[in-house]
Amino acid sequence: MTIDLLLVIIAGILLVVGFIGTFVPVLPGAPLAWAGLLVAFFSKLSELTIPTLIITAVVAVLVSVLDNIFPVLMTKKSGGSKVATTGSTVGLIIGLFIGPIGIIVGPFIGALVGELIHTNGDFNTSLKSAWGAFVGFLFGTGLKMASVAVFIIIFIASLIH
């Protein structure tokens, strides 16, 4: 096995783990996927360019920042507290053990429970806040998934020459 093939394999693994990281909170999805592109750049089997690496690096940073801002902005816009955002993250972590439905429903339930605790049981306010946190979570996660999917397409395209 040549070093170039090994680099491409490592890059592919980083991209797949990066994609998983778009919905698993402990893994930095976009940065890991970008690291995969960086590793691929050093392989003679890939035709990635420095401008591509720079653009994708900017996208990875931007997406990572926006992913943290969207839930907070949407929660605030819907009248919620930071507790709803924290609850959304806890709900996601618990939801990971339930499966795909848990990943989708967990953040909403977590935000609802967090806001119910914060508002001393005001269900209508809590529901509105939970919805905001959930929508923000979906925006952030969707943006990360789309970006990393494009990184994967760029990687595959760089190998086909």
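Conventions adopted
Residues numbered from 1 in each chain as written. Predicted model: local features only at pLDDT ≥ 70, side-chain atom pairs only at ≥ 80, totals over all residues. Heavy atoms only, no water. Helix = DSSP H or I, 4+ residues; strand = E, 2+ residues; numbered from the N terminus. Buried < 20%, exposed > 50% of the residue type's maximum accessible area, 1.4 Å probe, protein only. Contact = heavy atoms within 4.5 Å. Areas by Shrake-Rupley, 256 points an atom, 1.4 Å probe, with all protein chains shown as cover. Lys, Arg positive; Asp, Glu negative; His and termini not counted. Charge placed at Lys NZ, Arg CZ, Asp CG, Glu CD. Axes fitted to C-alpha atoms, helices over the stretch in contact; angles between N-to-C directions. Parallel < 35°, antiparallel > 145°, perpendicular 65-115°, else oblique. Nonpolar A, V, L, I, M, F, W, Y, C, P; charged D, E, K, R; others polar. Phe/Tyr/Trp six-rings, centres within 6.5 Å; stacked < 30°, edge-to-face > 60°.

*Asks:* Quick question: what am I supposed to make of the overall build of the protein chain here?
*Replies:* Helix and strand content of the protein chain: 6 helices and 0 strands. Listing the helices and strands of the protein chain from first to last along the sequence gives α-α-α-α-α-α. Structurally, the protein chain occupies a C-alpha span of about 60 × 30 × 20 Å along its principal axes. Among the 161 residues that make up the protein chain, the fraction classed as buried is 39%. Here the contacts in the protein chain between residues at least 6 apart in sequence split such that 64% fall between residues at least 24 apart. On the protein chain, roughly 8700 Å² of surface is accessible, and the fraction owed to carbon and sulfur atoms is 80%. For the protein chain, the centre of its 6 positive side-chain charges and the centre of its 5 negative side-chain charges are spaced 8 Å apart.

*Asks:* Got a minute to help me understand the side chain of Ser43 in this structure?
*Replies:* The topology assignment puts Ser43 in the loop between helix 2 (29–41) and helix 3 (50–77). Judged by its relative accessible area of 3%, Ser43 is buried. Discounting chain neighbours no more than four positions away, the residues touching Ser43 are Asp4, Leu7 and Val8.

*Asks:* Can you walk me through the packing of helix 3 against helix 6 (residues 123–159) in this structure?
*Replies:* Packed helices, taken two at a time, are described by the angle between their axes plus the distance between the axes. Where helix 3 contacts helix 6, the axes come no closer than 6 Å and their chain directions differ by 170 degrees. It follows that helix 3 is roughly antiparallel to helix 6 by the angle criterion. Each residue belonging to the contact of helix 3 with helix 6 can be placed in one class, and the counts come to 14 nonpolar, 9 polar and 2 charged.

*Asks:* Can you help me understand unusual backbone geometry in this one?
*Replies:* Trans is the prevailing form of peptide bonds, just as negative phi is the prevailing case for residues other than glycine. A positive phi angle, near 55 degrees, is found at Asn120, a position not held by glycine. Relative accessible area serves as the criterion here: at 73%, Asn120 is assigned to the exposed category.

*Asks:* Hey, could you run me through the packing of aromatic side chains in this one?
*Replies:* Enumeration over the complete set of coordinates arrives at 5 aromatic pairs. Ring geometry for Phe41 versus Phe42: centroids 5.2 Å apart, planes at 80 degrees, classification edge-to-face. Taking the relative accessible area as the measure of exposure, Phe41 reaches 24% and is therefore partly exposed. Here the aromatic residues Phe108, Trp131 and Phe134 are joined through ring pairs into a cluster of three or more.

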